[in-house]
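Architecture and fold: a report
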Amino acid sequence: FHLSSTNSASGSPLRIKKPVTEMFLEFYLGICSSTDLRFSMALCVEEKSFRQKRREKVVEGMKKFLGPEHTNNLKSSPREVPVIAVLGSGGGFRAMVGFAGVMKALYESGVLDCATYIAGLSGSTWYMSTLYSHSEFPKKGPREINKELMHCVSYNPLLLLTPQKVKRYIESLWKKKCSGQPVTFTDIFAMLIGETLIKDRMDSKLSHLKDKVNNGQCPLPLFTCLHVKPDVSELMFADWMEFSPYEIGMAKYGTFMPPDLFGSKFFMGTVVKKYEENPLHFLMGVWGSAFSILFNRVLGLSSSQNSGSTMEEELENIKPKHIFSTDCSDSDDELQEPKGTENAEAEEEYHRNNQASWVQRMLMALVSDTALFNTREGRAGKVHNFMLGLNLNASYPISPLLDFETQESVDEDEMDAAVTDPDEFDRIYEPLDVKSKKIHIVDSGLTFNLPYPLILRPQRGVDLIISFDFSARPSDSSPPFKELLLAEKWARMNKLPFPKIQTNVFDREGLKECYVFKPKNPNVEKHCPTIIHFVLANINFRKYKAPGVRRETKEEKEFADFDIFDDPETPFSTFNFQYPNDAFRRLHDLMEFNTLNNIDVIKQAIKESIEYRKHNPSRCSVSLTDVEARKYFNKDSKHKLPT
């Protein structure tokens, strides 16, 4: 190139010649025949293979659990073996400890051998992660593993916030940031959860859990979080994401990827920059990120005037601006190189100063009374948008069983008064922003506290759902159906079969350990599952130490005489992250007892599911081709997909 200047004496142009570098670029236009994202509504090949192997184990489990008189003719055909799912709600360590008791009961009673799936949300995912990442599970059962867990949660989590440990956490996150990945407070919270629950296996990955299920030896674990938008309440818009050892993705869009690609940079379905697979503890932090949003309450640093509110009440007051960082830039996170020099020493000094400044800011935010504890900004997890650049001009409904309808078609008269807020799920049909370079992911409990969307995918064809709800209630005697009603509303808006939740059963029968909800007319509602809904309630446990075995000594009676929500000094608060051994045993043993005390209810439901399968084909019988034909080639269809 040439630079022009002016000769001051003559005024004539002075031309200075410098070396010229010539570059030749060649562009090729090609069609990408394969992508790293899987685009399909169907289950992945690995999950289908798992189901086939698990079905044989389930047949053996059902024969042992129910006895030969009820399973003589049961064969390992997909048309005959019912699919059973176990669900655990959110609720912090209360949910984790309660689910530990549940899993011990299911494991030792043989119910777990009859299940195909275990789905968790928030606190329940922490127990599932602890259990499935244990090197000796399933050979070693929950009985032994729960004892280890009790020891882990008996210590104050503040011990993990020593300056030395925090500095170590933040320096490791600096490396993540330098690589070009987003870092938020959820990353720090994830390290605290990991150090508490799986400190001896912090290098575990979600994909490592394949070893626990590849031969069908255990139910497939399913975890969840939400994709949310920075400017919309999660009660109005949220996409449910599902995580399994085989895949991570969103059924709403039919986009899935292997776990080791989650967090990598994508464009138009193809990885353009791959990062190392995120550790399991990072995902645990994302799945339970409501607690990073309310971290000041977790540490007991909030003002006394709010000390009596539950997490659910506080979350209802959170606005999108409280969750997302004030830095709304969508630029890449890679550190900018120093400009104007190629000096190696200067570049190294630049990075050292940058790191020191970033680490210092993070340390000061944690150990001082800054906006970190006075606001909730910047707490959502953040990853690169794996749907960047895709064309979403058309989308399939989650359910291929019914024609797509708009929200207005949902009969509000059928909805319980507890879930008739007009803003709830108001914008769930909106698509994800495919132009945004990053997406925000948060705790699914921010919309409702039960992971039904994972299990209601029609392709999974679940017949029986055994659900355990550890959600906070105003009092021990309050109706326990709020989260279940929200799940029902979400299911109906997505045209997914769901039994009618008759809340008047509470008026008729009062508080019980579990409730059963069935389709009113199974011959018509052929795809509708049965739900056994367990709630957190101390009723018969006060009198019985085991089903049919009364408490006799004073110590036994005092051990079981406790309230869960009514006691102002309760150790079972959603915000409590330290469980003394007595509190752990009480909650753990309560939920173990409640489960075992209703084994006959579970047995009866499984028998009915087996009988139903004899007379009805497999629920998982609709292909994507059928959906395409119905949507695009049926001229009589009144409803069209959004474009």
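The model shown is predicted, which means the values in this text are computed figures rather than measured ones. (Residues numbered from 1 in each chain as written. Predicted model: local features only at pLDDT ≥ 70, side-chain atom pairs only at ≥ 80, totals over all residues. Heavy atoms only, no water.)

**A word on the packing of helix α1 (residues 45-66) against helix α20 (residues 599-615)**
Running from N to C, α1 and α20 cross one another at 125°; their axes reach a closest spacing of 11 Å. Classified by the interaxial angle, the pair formed by α1 and α20 is oblique. Of the two possible hands of crossing, α1 and α20 adopt the one that is left-handed. Residue-level contacts link M62, F65 and L66 of α1 to I599, K603, I606, K607 and I610 of α20. Of the residues contributing to the contact of α1 with α20, the split by class is 6 nonpolar, no polar and 2 charged. (Axes fitted to C-alpha atoms, helices over the stretch in contact; angles between N-to-C directions. Helix = DSSP H or I, 4+ residues; strand = E, 2+ residues; numbered from the N terminus. Parallel < 35°, antiparallel > 145°, perpendicular 65-115°, else oblique. Left-handed = near helix turned anticlockwise from the far one by under 90°. Contact = heavy atoms within 4.5 Å. Nonpolar A, V, L, I, M, F, W, Y, C, P; charged D, E, K, R; others polar.)

**Things to note about the pairing of strand β14 (residues 464-469)**
Counting buried positions along β14 yields 6 of 6 residues, so the element is predominantly enclosed. Going residue by residue along β14, you find L464, I466 and F468 tucked away on one face and I465, S467 and D469 tucked away on the opposite face as well. Here 6 bridges tie β14 to strand β16 (residues 530-535), and the two strands are oriented parallel to one another. Residue pairing for β16: D469 is matched across the bridge by V535. (Buried < 20%, exposed > 50% of the residue type's maximum accessible area, 1.4 Å probe, protein only. Pairing = 2+ DSSP bridges.)

**Some points on a nonpolar patch on the surface**
A contiguous nonpolar surface patch, about 450 Å² in accessible area, is contributed by M23, L25 and F27. Along the polypeptide, L25 turns up in the loop between β2 (13-17) and β3 (38-39). (Patch = residues over 30% accessible without salt bridge, like charges linked within 9 Å, V, L, I, M, F, W, Y side chains within 5 Å. Areas by Shrake-Rupley, 256 points an atom, 1.4 Å probe, with all protein chains shown as cover. Salt bridge = Lys/Arg side-chain N within 4 Å of Asp/Glu carboxyl O.)

**Section: the packing of helix α4 (residues 123-132) against helix α5 (residues 142-152)**
It is the contact of α4 with α5, at a shortest axis distance of 10 Å, that shows an interaxial angle of 115°. Between α4 and α5, the interaxial angle falls into the category roughly perpendicular. In terms of crossing hand, the pair formed by α4 and α5 is right-handed. Each of Y127, T130 and L131 in α4 lies in contact with α5, whose residues at this interface are P142, I145, N146 and L149.

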